[in-house]
Amino acid sequence: MTDSKYFTTTKKGEIFELKAELNSDKKEKKKEAVKKVIASMTVGKDVSALFPDVVNCMQTDNLELKKLVYLYLMNYAKSQPDMAIMAVNTFVKDCEDPNPLIRALAVRTMGCIRVDKITEYLCEPLRKCLKDEDPYVRKTAAVCVAKLHDINAQLVEDQGFLDTLKDLISDSNPMVVANAVAALSEIAESHPSSNLLDLNPQSINKLLTALNECTEWGQIFILDCLANYTPKDDREAQSICERVTPRLSHANSAVVLSAVKVLMKFMEMLSKDLDYYGTLLKKLAPPLVTLLSAEPELQYVALRNINLIVQKRPEILKHEMKVFFVKYNDPIYVKLEKLDIMIRLASQANIAQVLAELKEYATEVDVDFVRKAVRAIGRCAIKVEQSAERCVSTLLDLIQTKVNYVVQEAIVVIKDIFRKYPNKYESVIATLCENLDSLDEPEARAAMIWIVGEYAERIDNADELLESFLEGFHDESTQVQLQLLTAIVKLFLKKPTETQELVQQVLSLATQDSDNPDLRDRGYIYWRLLSTDPVAAKEVVLAEKPLISEETDLIEPTLLDELICYIGTLASVYHKPPSAFVEGGRGVVHKSLPPRTASNESTESPETAPAGPPSGEQPDVIPAQGDLLGDLLNLDLGPPVSGPPLATSSVQMGAVDLLGGGLDSLIGGPNFVTPPAAAVPANLGAPMGSGLSDLFDLTSGVGTLSGSYVAPKAVWLPAMKAKGLEISGTFTRQVGSISMDLQLTNKALQVMTDFAIQFNRNSFGLAPAAPLQVHAPLSPNQTVEISLPLNTVGSVMKMEPLNNLQVAVKNNIDVFYFSTLYPLHILFVEDGKMERQMFLATWKDIPNENEAQFQIRDCPLNAEAASSRLQSSNIFTVAKRNVEGQDMLYQSLKLTNGIWVLAELRIQPGNPNFMDLELSLKCRAPEVSPHVCQAYETILKN
């Protein structure tokens, strides 16, 4: 008899009957009763009243019964937390059962019971299971850690489970490794700032070894983890690619796509001259083609991913055009996707084949598909110049079919062909005009009106044609109204004597009778232009139009790079980054492809190659816009301050005047007034000697020539966070003046202009001393280098960390915010050398609790070289002596705000080439000391 008997509702299904059966002495009867309970629970009946009776059934050796009881427990533990505690002892006991299946079952169920009261009791059993001798138990326990972390993250960290999980990556069993990786990835996703998956060449090697023996889901977890790793050089990238390539022949399409993701990411680091690069391209094509023989739903997912791959590397599939030809029984969503990829792969070599196919598609019965096919012919003409003539004749053949929607689509694409190849195919205009009456779709009507207006001088009855559209002006869509207005103005400028009435009629309709603001505004602009300066009107309205680009629907390069990192996920199907559709954005990390290696296509010299700041001192996360906005809106973005500070009694640290000038001055509003010089306090009212009065007592140093250390440029604002604008930079100090050296790169598809920059209040009053000068518009893929002079007379506010600088950059697209850390040595002034007697007196005068001790290991310089190197960055040696074979340097430096820092540098010879240094710093503002030590380390080690 089947299990359906448990779902039948008889008198026996009553709660009290089940209660009696659950407490029966007969094992079989007990098992039957539990099955009935589970059946009732499955169909939605409330059987929580039987909780204590079902829990009593846990004490059994029967694995099937135990599974059923655990299933019941998982379902009702949340609503009966006090009762669920009764089951804890059994869990603990089951975790030590000789049968590994029962141990694993217990630990799996424990992870599914999301009750805070119980979690603390589960730590010991879980710890034992993580170190269990049986790999099945260990792999189950690994996943349990991730579940427990979701319930109580702090508990998992305190108990050291994360370290145990990291150890499991080195486990001998590949399934344990895969589950450990899956658990750590899951935890890392919900806590992006934690560096849990600390991948290095050794751990990568272990993962690659486990990859060959895992189940398919294990392989996916490992491949996804590999995709988050950035190899140190192209050799390591090649080695990983070689070991991942066999996964391309796996039967599971998810494994194949995960492998493709890893290879696409690491190919970025391989030189195109390598033989291996060519081999890899050839190996990537067959698995992608094989995915297209699966069922339609899988084909669609594969095609959406292939669409991204073809945009990034069209050479992979350039010889595989035929597999994208549409089959008669393909669903429409597969057909449309294949069509898109065909256009992307179209080239001079295969265009004849493609056009023959597209012409065939244009006679199909599916209207949506036919429309897309006709558009595709137009896109081919624009993409492959040699095929344009053939495409135009194909479109004319289709117009002759007189099928309404085919004609309309053909007219829309012919308009684009005219834009791409001016004065080449205008002979077809007569044929287009014959079909004027059949146009009923706004886009086709607008395209036809544009053609008539643009080529009015070649069409004898242009005025009659446009007048026929004007009769139902108010019934037309906005798109058609705007196009008609412009076309009639063009016609008037070309044939002024014949069309005066017509232009007055359309201007009056647009300005007086329309309630659409866009239409009214355009009407008024034309009216004023025509009435005041017809010559200027001609230059504006009949200006030469830029040629349209080949591919207008390409994904923006930075977004494409991010989506390549998400191949095989929903993001690659939606063609949107996860942050666009994951609610709340929790755990969403922006990914990007690794930078190309030096041997590759880099145009930067070694000195300017982007590099991270020393010892990971970059802020963890750019503050959210909400955090920055209040302060940045309160700043004026007018020309920066260069005059002396105004005296003022106090500075309001947190007060924000959201309506006070704000970012309007950035955009240059109509009432734009240059703001007064920023007010800087002489002090903040802190008690004398507290150190803070010194910290913000701003005075300037005397400039002498000095070659201070300059850090390599680092990326401060990635293109994906700034709509295609990438900003890299570093700080320099030379001849007593500070500057911010910026590199602006336009990775968007549009020109950038109107740049301006502004700093938030900061600890040392850093502010731009001149506007941000970008002399020419920044074209797509163009990079410009700018040196922005800075001064230290801006508004002051203590930041956390002290050297944090929050910056707003504006261009014609938007205002963007980022924060960066400036190295403190740019604030060391040139008159920072103290007299010996003064040094001794000051050292004694500063309280001992203000002294901070630091160690700098493996310094490659001896005392003489260190002293010279430090002096070039304005750290001056006051005295030097040798004590028991150790060199001691006594040094002083002064910050731009007048703070003195005194240092004792003890140099201990380590191995022959490297020294260990002990640094003691004394300062009235001790919060400066760690940053000064950082400056020492940066200067001495670079």
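Look above for the structure.
Just so it is clear, the model here is predicted, and its values are computed rather than measured.

1. Considering the overall build of the chain
Turning to step 1, where the next piece is worked out: Counting its secondary structure elements, the chain contains 38 helices and 13 strands.
Turning to step 2, where the next piece is worked out: Put simply, the chain has 942 residues, and 51% of those count as buried.
Turning to step 3, where the next piece is worked out: Pairs at least 24 apart in sequence give 69% of the contacts found in the chain among residues at least 6 apart.

2. Some words on the sheet that holds strand S6 (residues 783-791)
Turning to step 1, where the next piece is worked out: Ordered by their spatial adjacency, five strands build an open sheet running S1-S2-S3-S6-S5, and the pairing between neighbours is antiparallel. Pairing within the sheet leaves two strands with one partner each, and these edge strands are strand S1 (714-717) and strand S5 (767-768).
Turning to step 2, where the next piece is worked out: Two strands pair when backbone bridges link them, and S5 and S6 are joined in this way by two bridges, in the antiparallel orientation. Counted as the bridge partner of proline 768 is leucine 790 from S6.

3. Observations concerning the side chain of histidine 149
Turning to step 1, where the next piece is worked out: Residue placement: histidine 149 occurs in helix H9 (residues 135-151).
Turning to step 2, where the next piece is worked out: Beyond its immediate sequence surroundings of up to four residues, histidine 149 is in contact with Val156, Glu157, Leu162, Ile187 and His191.

4. Section: a negative patch on the surface
Turning to step 1, where the next piece is worked out: A cluster of acidic side chains, namely Glu464, Glu467, Glu471 and Glu501, defines a negative patch on the protein surface.
Turning to step 2, where the next piece is worked out: Of note, glutamate 464 is situated in helix H26 (residues 462-470).

5. Here's the deal with the packing of aromatic side chains
Turning to step 1, where the next piece is worked out: Applying the stated criterion across every chain yields a total of eleven aromatic pairs.
Turning to step 2, where the next piece is worked out: Taking the centre distance of 6.1 Å and the plane angle of 25° together, the rings of tryptophan 716 and phenylalanine 818 count as stacked. Of this pair, tryptophan 716 sits in strand S1 while phenylalanine 818 sits in strand S8 (residues 815-821); the two residues are 102 residues apart in sequence, bridging distant segments of the chain. Both residues of the pair, tryptophan 716 and phenylalanine 818, count as buried.
Turning to step 3, where the next piece is worked out: An angle of 80° between the planes, with centres 6.5 Å apart, marks the rings of phenylalanine 764 and tyrosine 822 as edge-to-face. Of this pair, phenylalanine 764 sits in the loop between strand S4 (756-759) and S5 while tyrosine 822 sits in the loop between S8 and helix H36 (836-845); the two residues are 58 residues apart in sequence, bridging distant segments of the chain. In terms of burial, phenylalanine 764 and tyrosine 822 fall into one category: buried.
Turning to step 4, where the next piece is worked out: Taken together, the ring pairs connect Trp716, Phe731, Phe764, Phe818 and Tyr822 into an aromatic cluster.
Turning to step 5, where the next piece is worked out: Directly above the ring of phenylalanine 369 sits lysine 335, whose terminal nitrogen or CZ lies 5.2 Å from the centroid.

Calculation criteria
Residues numbered from 1 in each chain as written. Predicted model: local features only at pLDDT ≥ 70, side-chain atom pairs only at ≥ 80, totals over all residues. Heavy atoms only, no water. Helix = DSSP H or I, 4+ residues; strand = E, 2+ residues; numbered from the N terminus. Buried < 20%, exposed > 50% of the residue type's maximum accessible area, 1.4 Å probe, protein only. Contact = heavy atoms within 4.5 Å. Pairing = 2+ DSSP bridges. Patch = residues over 30% accessible without salt bridge, like charges linked within 9 Å, V, L, I, M, F, W, Y side chains within 5 Å. Areas by Shrake-Rupley, 256 points an atom, 1.4 Å probe, with all protein chains shown as cover. Salt bridge = Lys/Arg side-chain N within 4 Å of Asp/Glu carboxyl O. Lys, Arg positive; Asp, Glu negative; His and termini not counted. Charge placed at Lys NZ, Arg CZ, Asp CG, Glu CD. Phe/Tyr/Trp six-rings, centres within 6.5 Å; stacked < 30°, edge-to-face > 60°. Lys NZ or Arg CZ within 6 Å of the ring centre and 35° of its normal.

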